[in-house]
Amino acid sequence: MLRFIPSSLFGRLTLILVVGLLAAQFASMWLHMGERAMMMAQSQGQFSALPSRFATHLLITLAAVIAVSLVAVRLVTRPLQHLAEAADAFGSDLESPPLPETGPTETRRAAEAFNRMQARLRRLIAERGRALAAVSHDLRTPLTRMRLRAELVDDETLRAQINADIDDMQAMVESTLDYLRGLRENEAVQSIDMEALLASLVADEQALGRPVTLTGSVAAPYLGRLSTLKRALGNLIDNAVKYGQSAHIAIEDSATELRLGVEDHGPGIAEADLARVVEPYVRLEASRSRETGGVGLGLTIARDAALLHGGELRLANRPDGGLAATLVLPR
Amino acid sequence: MDNKDRILIVDDDPEIRRLLVDYLAKNGFEAFAAKDGREMWQGLERHAIDLVVLDLMLPDTDGLTLCRDLRARSSMPVLMLTARGEEADRIVGIEMGADDYLVKPFSPRELLARINSILRRTRALPPNLRPESQRCLVFAGWCLDTATRVLTAPDGVVVPLSGGEYRLLRILLEHPNRVLNRDQLVELIHGREAGPYDRAIDVQMSRLRQRLRDENREPQLIQTVRGEGYVLAASVEGRAGCDQ
């Protein structure tokens, strides 16, 4: 029996429509004949009953047509919905599973094409990442040598300058590797004491003599990825200290979301640049970016971390000056 | 007789070997170099080495296997060097018994500081407990992962620690049920003598108690011994991992 069901979506739709409409016609014919038989039997007819019969008849036909259309529409839209869901999932998670390649010919072909595209994209990203990681990684040996050689320089100013250059290069290497790691690492979700995490970051910064403070408290442990969150917050604090001379972390916790705002007293960011600045390797053209170094990955890493937790990174200029970068993490 | 500490450097990059030997020699050590595992064993036989600086990536055997073999035969302190900063590598390095871990490109001063701190730690106050190749320390339901430096509470909540809190807790866990005074703690943590106004330890101790949810009027876990110092009142055992 199943053998006679056509494999293409077009065939299936046609079959459903034909069978459905035939069924409606049969139903209506059957009713019609019933009515005529009744009318003939009663011969001196009670015509008053006829309109109500007609209405029933019409209703049944209509219901049959609606049911058939619903089935048909569902048949068409369901695979489309699956495709949309898969595309969405793939957008946020490269490792999302492939679509099942089943169903009518058209859907199957679309799923196959989608899966091929997914595999190709994944390969491409992996290859790019590997190339970048290899270069960044191999730079570490020459950088180590340079650090040691710098110690041989007697001129203190020169040595400090060389060390500053090496620091810059190292920062680039590290943040590139961090970024690539964030893209591919699948860290386990744990229940985290966020207040302890923030306090530990603040204490470590203060130990280096940086003006970083913390207010607010967290009501309950947060389910998240520890290294990812730590990296994101570390980057936001670094940025605040670099461009805004100091960082203040404000915790706002509620039943629905945890907000971690990192505020500084720097010049802020022009409204036009707010959206752009989170893109990878984007640095604002201001001269200060040359002095402060950095590759333009800090905010990207923070944004990716927020997205991974189903949240977002909000950037805003504060009314009383400075930038507020807020990690909004849904609970 | 000079009493310089002897360091053996094992690294496959000839330039790094040469530069490190020079640098350490300039800073009061007697330094030797080996380019692979074979030369390392020869070096250890010939000279009375105090500490090995070991690169993770070597041509013949890899550094991790060497580190494990070395640890199986002696309690030689090992400082691991690597060009990979990934967490997984650090974890393996600590599990194989390395005392500390430094990622290339490290600053030479940092290397000096770490070497000094390991030598002091292994020498000055031998720990009650040497958690060789035991990655996690379990006490009173808590678990400290020495590779990731993360503390796990009895209820499974992960409690990140600052560098200072971690070092302090680590020292306490290595000397359970033993009163440590402020001078000893400062010495073990910072490797210097406590100054007359060194109250930083007390601040750190109260933070650590807060993390350990031990901030009653009479702390149970880390107790204050009036006039003497602090004592960790719990038994400590080593374990491979923190997930029960």
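Residues numbered from 1 in each chain as written. Chains lettered and ligands numbered in written order. Predicted model: local features only at pLDDT ≥ 70, side-chain atom pairs only at ≥ 80, totals over all residues.

A.B. asks: Before we go on, may I ask you to explain the overall build of chain A in this structure?
C.D. replies: When its secondary structure is counted, chain A shows 9 helices and 7 strands. The burial tally for chain A puts 23% of its 331 residues in the buried class. Within chain A, counting contacts between residues at least 6 apart in sequence, those at least 24 apart form 65% of the total. (Helix = DSSP H or I, 4+ residues; strand = E, 2+ residues; numbered from the N terminus. Buried ≥ 20, exposed ≤ 12 C-beta atoms within 10 Å, placed from the backbone. Contact = placed C-beta atoms within 7 Å.)

A.B. asks: When you look at the overall build of chain B in this model, what are you seeing that I'm missing?
C.D. replies: From N to C terminus, chain B includes 8 helices and 12 strands. Evaluated residue by residue, chain B yields a buried proportion of 36% over its 244 residues. Considering only residue pairs separated by 6 or more positions, chain B has 58% of its internal contacts joining residues 24 or more positions apart.

A.B. asks: What is the right way to look at the nonpolar core in this model?
C.D. replies: It is characteristic of soluble globular proteins that their nonpolar side chains tend to be buried jointly. The biggest cluster of nonpolar side chains holds 63 residues, and the ones touching the most others in it are Leu 198, Ala 232, Leu 233, Leu 236, Ile 237 and Ala 302 of chain A together with Leu 144 of chain B. It is helix α7 (residues 226-244) of chain A that provides the largest number of residues to this core, a total of 8 residues. Counting 35 residues, the second largest nonpolar core, distinct from the first, contains Ala 34, Leu 70, Val 78 and Ala 98 of chain B. (Core = buried A, V, L, I, M, F, W, Y, C linked by C-beta atoms within 7 Å.)

A.B. asks: I'm lost on the sheet that holds strand β5 (residues 257-263) of chain A in this one. Help?
C.D. replies: Within a beta sheet, neighbouring strands are joined by backbone hydrogen bonds and run either parallel or antiparallel to one another. All names here are of chain A. Read across the sheet, 5 strands follow the order β2-β4-β5-β7-β6 without closing on themselves; strand pairing throughout is mixed. Edge positions in the open sheet fall to β2 (212-215) and β6 (312-317), since each of these has one partner strand only. Here the strands of the sheet are splayed against their neighbours by 20° on average, with no regard to which way each runs. Strand direction decides the pairing type here: β6 and strand β7 (residues 323-330), joined by 6 bridges, are antiparallel. Directly across from Leu 315, in β7, lies its bridge partner Ala 325. Sitting on the sheet, helix α9 (residues 298-308) touches β6 and β7, and the angle it makes with β6 is about 130°. (Pairing = 2+ DSSP bridges. Axes fitted to C-alpha atoms, helices over the stretch in contact; angles between N-to-C directions.)

A.B. asks: I'm lost on the interface of chain B and chain A in this one. Help?
C.D. replies: It is common to give the size of an interface as the accessible area that goes away when the parts come together. Contacts between the two partners involve 26 residues from chain B and, on the opposite side, 26 residues from chain A. Among the secondary structure elements, those contributing two or more residues to the side of chain B that touches chain A are α1 (14-26), β9 (158-160) and α6 (163-174) of chain B. Sort the elements by how many residues they give to the side of chain B that touches chain A and α1 of chain B lands first, with 5 residues. Residue composition of the side of chain B that touches chain A, grouped by class: 14 nonpolar, 6 polar and 6 charged. (Nonpolar A, V, L, I, M, F, W, Y, C, P; charged D, E, K, R; others polar.)

A.B. asks: Explain the confidence of the model for chain A to me, please; I cannot follow it from the model alone.
C.D. replies: For any part of a model where pLDDT is low, the fine detail of the predicted coordinates should not be relied upon. Looking at chain A as a whole, its pLDDT mean stands at 83, while 91% of the residues score no less than 70. Put simply, helix α8 (residues 288-292) of chain A is where chain A has its lowest mean pLDDT, 50, and β5 of chain A is where it has its highest, 95. (pLDDT = per-residue confidence, 0-100.)

A.B. asks: Would you mind showing me how to read the sheet that holds strand β1 (residues 6-10) of chain B here?
C.D. replies: Residue and element names in this part refer to chain B. Read from one edge of the open sheet, 5 strands run β2-β1-β3-β4-β5, paired in parallel fashion. Among the strands making up the open sheet, the edge pair consists of β2 (30-34) and β5 (100-103). Within this sheet the neighbouring strands show an average axis-to-axis angle of 20°, counted without direction. In this sheet, β2 lies alongside β1 in parallel orientation, the contact comprising 5 bridges. Paired with Ile 7 across the two strands is Ala 31, which belongs to β2.

A.B. asks: Got a minute to help me understand the environment of Gly 310 of chain A in this structure?
C.D. replies: Looking at the secondary structure, you find Gly 310 of chain A in the loop between α9 and β6. The spatial distance from the C-alpha of Gly 310 of chain A to the C-alpha of Val 328 of chain A is 8.9 Å, given a sequence separation of 18 residues.

A.B. asks: I tried to follow helix α3 (residues 63-73) of chain B on my own but got confused; where do I start?
C.D. replies: Every α-helix winds through 3.6 residues per turn, so residues three or four apart in the chain are directed the same way. Residue and element names in this part refer to chain B. Taken together, the buried positions of α3 are occupied by Gly 63, Leu 64, Leu 66, Cys 67 and Leu 70. Burial along α3 is one-sided: seen end-on, the buried residues are contained in an arc of 160°. Of the exposed residues in α3, those oriented more than 90 degrees away from the buried face are Ala 72 and Arg 73. (Arc of directions from axis to C-beta.)

A.B. asks: Help me understand the confidence of the model for chain B in this model?
C.D. replies: Residue and element names in this part refer to chain B. Residues of chain B with pLDDT of at least 70 account for 85%, and the chain-wide mean is 83. For chain B, helix α4 (residues 87-95) is the element with the lowest average pLDDT, namely 65, and β1 is the one with the highest, namely 94. For this predicted complex, the interface score ipTM comes out at 0.71, alongside a pTM of 0.69.

A.B. asks: Looking at this model, I keep getting lost on the environment of Asp 243 of chain B. Mind explaining?
C.D. replies: Residue and element names in this part refer to chain B. Tracing the backbone through its elements, the reader meets Asp 243 in the segment after β12 (236-239). Judged by C-beta crowding, with 11 C-beta atoms within 10 Å, Asp 243 ranks as exposed. Sequence separation of Asp 243 and Cys 143 is 100 residues, and the distance between their C-alpha atoms is 8.9 Å.

A.B. asks: Any chance you could explain the pairing of strand β6 (residues 136-139) of chain B here in plain terms?
C.D. replies: Across a regular strand the side chains alternate sides, sitting on one face of the sheet and then on the other. Residues and elements named next belong to chain B. In this structure, β6 lies alongside strand β7 (residues 142-145), joined through 4 bridges in antiparallel fashion. The partner of Leu 137 across the bridge, within β7, is Leu 144. Between the antiparallel neighbours β6 and β7 lie 2 residues, among them Ala 140 with a positive phi of about 45°. Pairing of β6 with β12, which is carried by 4 bridges, proceeds in the antiparallel orientation.

A.B. asks: Mind showing me how you'd approach the packing of α7 of chain A against α9 of chain A here?
C.D. replies: Relative orientation and spacing of two packed helices are given, respectively, by the angle between their axes and the distance between those axes. All names here are of chain A. For the pair α7 and α9, the least separation of the axes is 8 Å and the interaxial angle reads 145°. Here the hand of the crossing between α7 and α9 comes out left-handed. Between α7 and α9, the contacting residues are Thr 228, Leu 229, Arg 231, Ala 232, Asn 235, Leu 236, Asp 238 and Asn 239 on the first element and Gly 298, Leu 299, Ile 301, Ala 302, Ala 305, Ala 306 and Leu 308 on the second. Looking at the contact of α7 with α9, its residues break down into 9 nonpolar, 4 polar and 2 charged. (Left-handed = near helix turned anticlockwise from the far one by under 90°.)

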